[in-house]
Each structure stands twice: as structure tokens, then as C-alpha cells.
Amino acid sequence: MSARILVIEDDEGILKFLRRGLAYEGYQVDTAPDGPTGLSLARDNPPDLVVLDLMLPGMDGLEVCRRLRTGGPVPILILTAKDTVNDRVLGLDMGADDYMVKPFNLDELLARIRALLRRAQPARPQVLRFGDLSLDTGTRQAMRNDRVISLTAKEYELLELFMRHPRQVLTREVIFDQVWGYDFGGESNIIEVYIRYLRQKLENEDEPRLLHTVRGMGYVLREPT
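What you see is a predicted model; the values in this text were computed from it and never measured. Within each chain, residue numbers correspond to sequence positions counted from 1 in written order. Reporting in this predicted model follows two pLDDT cut-offs: at least 70 for local features of residues, and 80 or more for side-chain atom pairs to be given and counted; totals over whole chains, interfaces and linings ignore these cut-offs and use all residues. The basis for every side-chain value is the complete set of heavy atoms in the structure, and neither hydrogens nor water enter the calculation.

Caption draft 1: How the structure looks around the confidence of the model for the chain. When pLDDT is averaged along the chain, the result is 87, and 93% of the positions lie at 70 or above. Confidence of the predictor in every single residue is expressed as pLDDT, which spans 0 to 100. Counting from the N terminus, the helices are the DSSP runs of H or I reaching at least four residues and the strands are the DSSP runs of E reaching at least two. The element-level mean pLDDT for the chain is lowest in helix α4 (residues 85–93), coming to 72, with strand β1 (residues 4–8) highest at 96.

This is the structure we're talking about:
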């Protein structure tokens, strides 16, 4: 059975273009011209992935993204004309898994969809441990010293990457590829933003730092010195 993709987009030309391109690749495609209709379709016929515009009538895309995420772990790819780092971070914080800026290349969009669908395949849950930090890949819950740490989708993916490669310096290129699946651009500071988010959550109550910056190289999860 081919994957079902829901496209929520108010531009009729883009909607037709995506419907035709996705159907040609063998996907089942549902479309919605506004936020409320998209949410209704997602509830009645749950998709395997959602392509979501941000500037929608009836309900903006960020709110649609937030509501979709509360309903389950469906992959969400934001497609929008907004092209600032703040816009991207806000969309990812609302639970989106990827972000593309219009105008876009269809082949790149299809590649990202394939990557998101592969990533969504269930894996056997396990508990990753590093010192007093643990990460349950089944519940996606982190704990440090018996303190529960609430993580956004991207914070979880970033922490999981470090937990699977302890004491190994990860370059920006590796992090971009493994967590975002593409490069935001050489001048983007999104990795620094998310490292800061994780540190704030991991270092509550003056706990020793675990995520360290290796100047000129990248970041590493290692014991405090």
C-alpha cells in the first residue's frame, strides 16, 4: 500500500502541481485549501505525511501544525514563502519535521518526503544512557537524575544523535544531515539555537554540562571535566 500524503495549501496552482507530482510517484494524495479542512481530513483519514503551507485561510499553518502534532507522530513538512531562521525555528518548535521555502524543486521535495517516511518507520524502543542522563526512544522521554525533561521533536532528535555517538565530536555537517536532512545554509545558526535549548534543559539546577563545544569542529557529548 502506497503512503497517503495530505497537502494543505491555499495556492490552487501549487496544490494541483503537488497533487500531480505526488500521484505520479505513486502516493495517494488528499488536498485541503485551508487549515480547518486539512485538520478535518487528517482526523477522518489519517495520512502518513503532511505537506503544510504556513499562510493559510481559516487557521494559520503554525496552529495547524501544533494541532496535528498533538494528534500523533505524523511527519510534517512545512512549505512556505517565509525564509527567515526565526520562522523556521518557530515551525520546527511547533512540531514540524522539515521545512522548504517556495519556490521549491519537486525532486528535492520528493527526496525529503522519502526521507521523512523512512524515518517514521517504527524501530525497536530502547533506553540510551550516558552518565546520569537517559533517553527512552519508545516514549521519547529524557531523564536526568530522576528529573523528567520535556523535549520538542527536534530537541529529541538532536539529543538522540548525541546519545548514540557519545564522546564523538559531531560536525555541523553531520548534525544537519542526520537531524534536519539538509543544509539550512552556511550562515544559519539553527544548530547553535538548539544546542542552547538542550543545554538549558539538561543543566537545570546547576547540573554539570554534558554537551560541549569543540571550537572549529563541532559538538560532543562527554563527561564534565
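Caption draft 2: Quick look at helix α2 (residues 35–44). Within the sequence span of α2, burial applies to Gly35, Gly38, Leu39 and Ala42. Burial along α2 is one-sided: seen end-on, the buried residues are contained in an arc of 100°. Contact definition: two residues touch when any of their heavy atoms are within 4.5 Å. If you follow the buried residues of α2, they end up packed against β1, β2 (28–32) and α3 (61–70). Only protein chains enter the accessibility calculation, which uses a 1.4 Å probe; a residue is then buried when its area is under 20% of its type maximum, exposed when over 50%, and partly exposed in between. Think of the arc as the fan of directions from the helix axis to the C-beta atoms.

Caption draft 3: Region of interest: the sheet that holds strand β12 (residues 218–221). Two strands qualify as a pair provided that DSSP identifies no fewer than 2 bridges between them. Read from one edge to the other, the open sheet built from three strands follows the order β10-β12-β11, with strand pairing classed as antiparallel. The sheet is open, and its two edges are formed by β10 (170–171) and β11 (211–214), each paired on a single side. Taken together, the two bridges between β10 and β12 define a ladder with antiparallel strand orientation. Note that in β12 the partner of Leu170 across the bridge is Tyr219.

Caption draft 4: Focus on the packing of aromatic side chains. Two rings from Phe, Tyr or Trp (for Trp, the six-membered ring) form a pair when their centres sit within 6.5 Å of each other. Planes less than 30 degrees apart are called stacked, planes more than 60 degrees apart edge-to-face, and all others tilted. Enumeration according to the criterion identifies two aromatic pairs in this entry. With 6.1 Å between their ring centres and 55° between their planes, Phe17 and Phe104 make a pair best called tilted. Highlighted residues: Phe17 in helix α1 (residues 12–24) and Phe104 in the loop between β5 (98–101) and α5 (106–119), separated in sequence by 87 residues. Plain terms: the ring middles of Tyr194 and Tyr197 are 5.3 Å apart, the flat faces sit at 70° to each other, and that makes the pair edge-to-face. One end of the pair is Tyr194 and the other is Tyr197, both in helix α8 (residues 190–202) and three residues apart, which spans about a single turn. Accessibility expressed as a relative area gives 0% for Tyr194, which makes it buried.

Caption draft 5: The arrangement of unusual backbone geometry in detail. Following Lys102, the chain continues to Pro103 via a peptide bond in cis, the omega torsion being -5°. Along the chain, Pro103 turns up in the loop between β5 and α5. Even without a glycine there, the phi angle at Arg140 is positive, about 60°. Mapping Arg140 onto the fold places it in the loop between β7 (133–136) and β8 (141–144). With a phi angle near 55°, Asn145 is a residue other than glycine that sits in the positive phi range. Looking at the element boundaries, Asn145 is found in the loop between β8 and β9 (147–149).

Caption draft 6: Broad picture of the environment of Pro125. Along the chain, Pro125 turns up in the loop between α5 and β6 (127–130). For Pro125, a relative accessible area of 55% puts it in the exposed group. Counting along the chain gives 111 residues from Pro125 to Ile14, while the straight-line C-alpha distance between them is 38 Å. Ignoring sequence-local partners within four residues, the contact set of Pro125 consists of Thr137 and Gly138.

Caption draft 7: Structural context of the pattern of salt bridges. By salt bridge we mean one thing: a side-chain nitrogen of Lys or Arg within 4 Å of a carboxyl oxygen of Asp or Glu. For the coordinates displayed, the defined rule picks out 18 salt bridges. Put simply, Asp44 and Arg43 hold a salt bridge, and the shortest N to O gap is 3.6 Å. You'll find Asp44 and Arg43 in the same group, each marked exposed. In this structure, the salt-bridge partner of Arg164 is Glu160, at a minimum N-O distance of 2.9 Å. With Arg164 and Glu160 both in helix α6 (residues 153–164) and four residues apart, the pair spans about one turn of that helix.

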